Amino acid sequence: MRALLLSAPILALASQASALSCLPPDAVASYQRADQAAETYVVLLGDFSFDAPELPERDLTNPNPEEHRFPAQFEGQALGPEGFTGRYALDMEVTLTCAGPWCAGVPAGGAGLAFVEMTDTGYDLRLGPCGGQYFAAPEPAITDRIAACHAGDTGCAAE
């Protein structure tokens, strides 16, 4: 155990050139995180559209790249007590965030599932380099599972 504790500071000093390791994004786990978060999220299923911004070429030597923001529009349904229902159209901001020199890419527009934060200034879809807030063209089994979790399915308890 002591060797493990002593190696932690060494791991923290790993070079910026090492790769970012991400677990594959999982929509149900993302639902659980949003459900447990202090912030308020709305879960949206439908069509997302935006004019993709021109992003600078990535520089892995820059430990603190800037976030990029751009407007987006949504039309579709929101998750409620009865599952994904209603017809909604709203404007939002997409924020591409970074973890060190690794940054999120621009998502594909079109059909998607998103976990969007409701802020004092509007809706914000924050995307990080490891994903997990937006899922392009999700399978119905995934959206059905999220609706079941939202309805209180006891098999959905966060670990």
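In short, a report on the structure. Note that this is a predicted model, so its numbers are computed, not measured. (Residues numbered from 1 in each chain as written. Predicted model: local features only at pLDDT ≥ 70, side-chain atom pairs only at ≥ 80, totals over all residues. Heavy atoms only, no water.)

Here we come to the state of the cysteines. Here, disulfide denotes a covalent bond that connects the sulfur atoms of two cysteines. The final tally for this structure, using the stated rule, is two disulfides. Bridging Cys98 to Cys103, the disulfide has an S-S length of 2.0 Å. Across the S-S bond linking Cys98 and Cys103, the dihedral sits near 100 degrees, which makes this disulfide right-handed. Among the residues examined, Cys103 registers a relative accessible area of 15% and is labelled buried. (Disulfide = S-S within 2.5 Å. Buried < 20%, exposed > 50% of the residue type's maximum accessible area, 1.4 Å probe, protein only.)

Right, let's get into the nonpolar core. Grouped together as the largest cluster of nonpolar side chains are 18 residues, with contacts concentrated most on Leu44, Phe48, Met92, Val94, Val116, Leu125 and Leu127. Mapped by element, the contributors of at least two residues to this core are strand E1 (40-49), strand E2 (68-80), strand E3 (83-96), strand E6 (110-119) and strand E7 (122-127). Dropping the residues within four chain positions of it, Leu44 is found in contact with Phe74, Gln77, Ala78, Phe84, Leu90, Met92, Gly112, Leu113, Ala114 and Val116. Counting residues in each nonpolar core, the second largest holds 15 residues, with Val28, Ala34, Val43 and Ala147 among its members. (Core = buried A, V, L, I, M, F, W, Y, C linked by side-chain atoms within 4.5 Å. Helix = DSSP H or I, 4+ residues; strand = E, 2+ residues; numbered from the N terminus. Contact = heavy atoms within 4.5 Å.)

Once that is clear, we can look at the packing of aromatic side chains. Per the stated rule, a full pass over the model turns up four aromatic pairs. When the centroid spacing of 4.9 Å and the interplanar angle of 45 degrees are considered together, the rings of Phe48 and Phe74 count as tilted. Of the two residues, Phe48 sits in strand E1 while Phe74 sits in strand E2, which places them 26 residues apart along the sequence. In this structure, Phe48 and Phe74 share a single accessibility class: buried. Aromatic side chains Phe50 and Phe70 sit 5.3 Å apart centroid to centroid with 55 degrees between the ring planes, which places their arrangement in the tilted category. Highlighted residues: Phe50 in the loop between E1 and E2 and Phe70 in strand E2, separated in sequence by 20 residues. Since its relative accessible area comes to 18%, Phe50 is described here as buried. A relative accessible area of 4% places Phe70 in the buried class. (Phe/Tyr/Trp six-rings, centres within 6.5 Å; stacked < 30°, edge-to-face > 60°.)

Only a minority of non-glycine residues have a phi that is not negative, and only a minority of peptide bonds are not trans. Within the chain, Ala137 stands out as a residue other than glycine whose phi angle is a positive 45 degrees. Judged by its relative accessible area of 53%, Ala137 is exposed.

With nine bridges connecting them, E1 and E6 associate as antiparallel partners. By the bridge assignment for E6, Thr40 is matched with Met118. Pairing analysis gives three bridges linking E6 to strand E8 (residues 134-136), with the strands arranged antiparallel. If you follow Gly112 over to E8, its bridge partner there is Ala136. Judged from the three bridges that link them, E6 and E7 form a sheet pairing that is antiparallel. The residue of E7 that forms the bridge with Glu117 is Asp124. Hairpin connection, E6 to E7: the antiparallel pair is bridged by two residues. (Pairing = 2+ DSSP bridges.)

Of all the residues in helix H3 (residues 140-150), the buried ones are Thr143, Ile146, Ala147 and Cys149. Viewed along the axis of H3, the buried residues span an arc of 160 degrees, placing them on a single side of the element. Summarising the geometry of H3, the exposed residues directed more than 90 degrees from the buried face are Pro140, Ala141 and Asp144. Buried residues along H3 sit in contact with helix H2 (27-36), E1, E2, E3 and E6. (Arc of directions from axis to C-beta.)

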